[in-house]
Amino acid sequence: MIKTLFHQIGAYKKDSILTPIYAAAEVIMEILIPFVTAAIIDEGIQAGNMQKVLQYGVIMIVLALLSLFFGIQAGRKAASASTGFACNLREGMYRNIQTFSFSNIDKFSTAGLVTRMTTDVTNMQNAYQMILRIAVRAPMTLICSMVMCFIINVKLSLIFLVALCVLAAALIYIMMHAMPVFQEVFSKYDDLNASVQENVTAIRVVKAFVREDFENQKFGKAAEVLCKLFVKAESIIVFNAPIMMTVIFASMLGLSWIGAQLIVAGDLTTGNLMSLFSYVLSMMMSLMMLSMIFVMLTMSTA
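Criteria and cut-off values
- Residues numbered from 1 in each chain as written.
- Predicted model: local features only at pLDDT ≥ 70, side-chain atom pairs only at ≥ 80, totals over all residues.
- Heavy atoms only, no water.
- Helix = DSSP H or I, 4+ residues; strand = E, 2+ residues; numbered from the N terminus.
- Rg over C-alpha atoms; globule rule 2.2 N^0.38 Å.
- Buried < 20%, exposed > 50% of the residue type's maximum accessible area, 1.4 Å probe, protein only.
- Contact = heavy atoms within 4.5 Å.
- Lys, Arg positive; Asp, Glu negative; His and termini not counted.
- Charge placed at Lys NZ, Arg CZ, Asp CG, Glu CD.
- Axes fitted to C-alpha atoms, helices over the stretch in contact; angles between N-to-C directions.
- Parallel < 35°, antiparallel > 145°, perpendicular 65-115°, else oblique.
- Left-handed = near helix turned anticlockwise from the far one by under 90°.
- Nonpolar A, V, L, I, M, F, W, Y, C, P; charged D, E, K, R; others polar.
- Patch = residues over 30% accessible without salt bridge, like charges linked within 9 Å, V, L, I, M, F, W, Y side chains within 5 Å.
- Areas by Shrake-Rupley, 256 points an atom, 1.4 Å probe, with all protein chains shown as cover.
- Salt bridge = Lys/Arg side-chain N within 4 Å of Asp/Glu carboxyl O.
- Core = buried A, V, L, I, M, F, W, Y, C linked by side-chain atoms within 4.5 Å.
- Phe/Tyr/Trp six-rings, centres within 6.5 Å; stacked < 30°, edge-to-face > 60°.

1. Focus: the overall build of the chain
No. 1: Helix and strand counts for the chain come out as 11 helices and 0 strands.
No. 2: Order of helices (α) and strands (β) in the chain, N terminus to C terminus: α-α-α-α-α-α-α-α-α-α-α.
No. 3: For 302 residues, the compact-globule estimate of 2.2 N^0.38 gives 19 Å, and the chain exceeds it by more than 25% at 26 Å.
No. 4: Overall size of the chain, expressed as C-alpha extent along the three principal axes, is 85 × 40 × 30 Å.
No. 5: Put simply, the chain has 302 residues, and 41% of those count as buried.
No. 6: Of the contacts formed within the chain by residues at least 6 apart in sequence, a portion of 84% connects residues at least 24 apart.
No. 7: Put simply, the chain has 21 plus and 18 minus side-chain charges, and the middle of one group is 5 Å from the middle of the other.

Here is the structure:
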């Protein structure tokens, strides 16, 4: 299946290769910015050296502009590659449907084929875009942030390690309960599309037998089932945000408490503590993005 999908990339292989490269370069620029921030605070502001502040300030601006440039390029290439992939996939599916035998035509419903070529391809497009960009950006940000934290201070980095384990366990638990619901959602799309297709193609029959109310109720039931399933799935995933915020602020409290003691003891600088705050936010956001990738991959797999 993966090999078949890979062939649909076609002329968009170049964009598919450039997107992860630009995303990796964007991450590197972002990881260096907190490091420069620490230097501005320690060597410039606290030392009263305005020359250092200006010097490191220019470096920070350059890093920010490079990060912006690489981010824009990654977004453009990812959009081009994913849209092209979806276009080729739809065209390939349409051509394949034209070659179906009568037994295949009887096996697959019209509504099911419409769903495959519309909703399902859109989900594949979104998943492919996230794989090209976020699947590279999130793990790389997570790893690089953790490495920088250990370089700054090993003792404080253990707080992040515990927080990451707790958050990862919570995200895995949420995904395990949300995935089955999303898989059930896509089986219900066919019922919705079947109702629309039947009413469009046989609208004269519906009007002739005065079946408008019945067809409205039929469509309403299909839409309601789909709505309830999506609400159920989203009500599970919505726990992502409060759990993440709780872990982040708990980490910051622990970081502030222990970090203040280390600063007083002379084992840590104020600039390094500020850098650690930036890195902890980057790590938590990376885990949040990874959870989004898991959701999209689940939907595209279904």
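2. Points about the packing of helix α2 (residues 13-45) against helix α3 (residues 50-98)
No. 1: Where α2 meets α3, the closest approach of the two axes is 8 Å, and the angle between their N-to-C directions is 160°. When the axis of α2 is compared with that of α3, the two are roughly antiparallel. Between α2 and α3 lies a crossing whose hand is left-handed.

3. Digging into the packing of α2 against helix α6 (residues 134-152)
No. 1: Where α2 meets α6, the axes come as close as 9 Å, and the angle between the chain directions of the two elements is 30°. As the angle between them shows, α2 and α6 are arranged roughly parallel. When the axes of α2 and α6 are compared, the crossing they make is right-handed. Contact with α2, carried on its side by Pro20, Ala23, Ala24, Glu26, Val27, Ile28, Glu30, Ile31 and Phe35, involves Val136, Arg137, Met140, Thr141, Cys144, Ser145 and Met148 of α6 and no other residues of that element.
No. 2: Of the residues belonging to the contact of α2 with α6, the class tally is 11 nonpolar, 2 polar and 3 charged.

4. Things to note about a nonpolar patch on the surface
No. 1: A contiguous nonpolar patch, built from Ile61, Leu65, Leu68 and Ile72 and spanning about 400 Å² of accessible area, is present on the exposed surface.
No. 2: By the secondary structure assignment, Ile61 is in helix α3.

5. With respect to the nonpolar core
No. 1: One finds Phe160 and Met284 to be the most contacted residues of the largest nonpolar core, which totals 36 residues.
No. 2: Elements with a contribution of two residues or more to this core: α2, α6, α7 (154-201), α10 (240-265) and α11 (270-301).
No. 3: Looking at this core, the element that brings in the most residues is α11, giving 12 residues.
No. 4: The next biggest cluster of nonpolar side chains, apart from the first, holds 13 residues, and it includes Ala178, Val181, Val185 and Ala222.

6. A look at the packing of aromatic side chains
No. 1: According to the stated counting rule, one finds 3 aromatic pairs in the structure shown.
No. 2: Here the aromatic rings of Phe85 and Tyr128 are separated by 4.7 Å at their centres, their planes lie at 35°, and the arrangement is tilted. Of this pair, Phe85 sits in helix α3 while Tyr128 sits in helix α5 (residues 110-132); the two residues are 43 residues apart in sequence, bridging distant segments of the chain.
No. 3: Chaining the aromatic ring pairs together yields one cluster made of Tyr22, Phe69 and Phe70.

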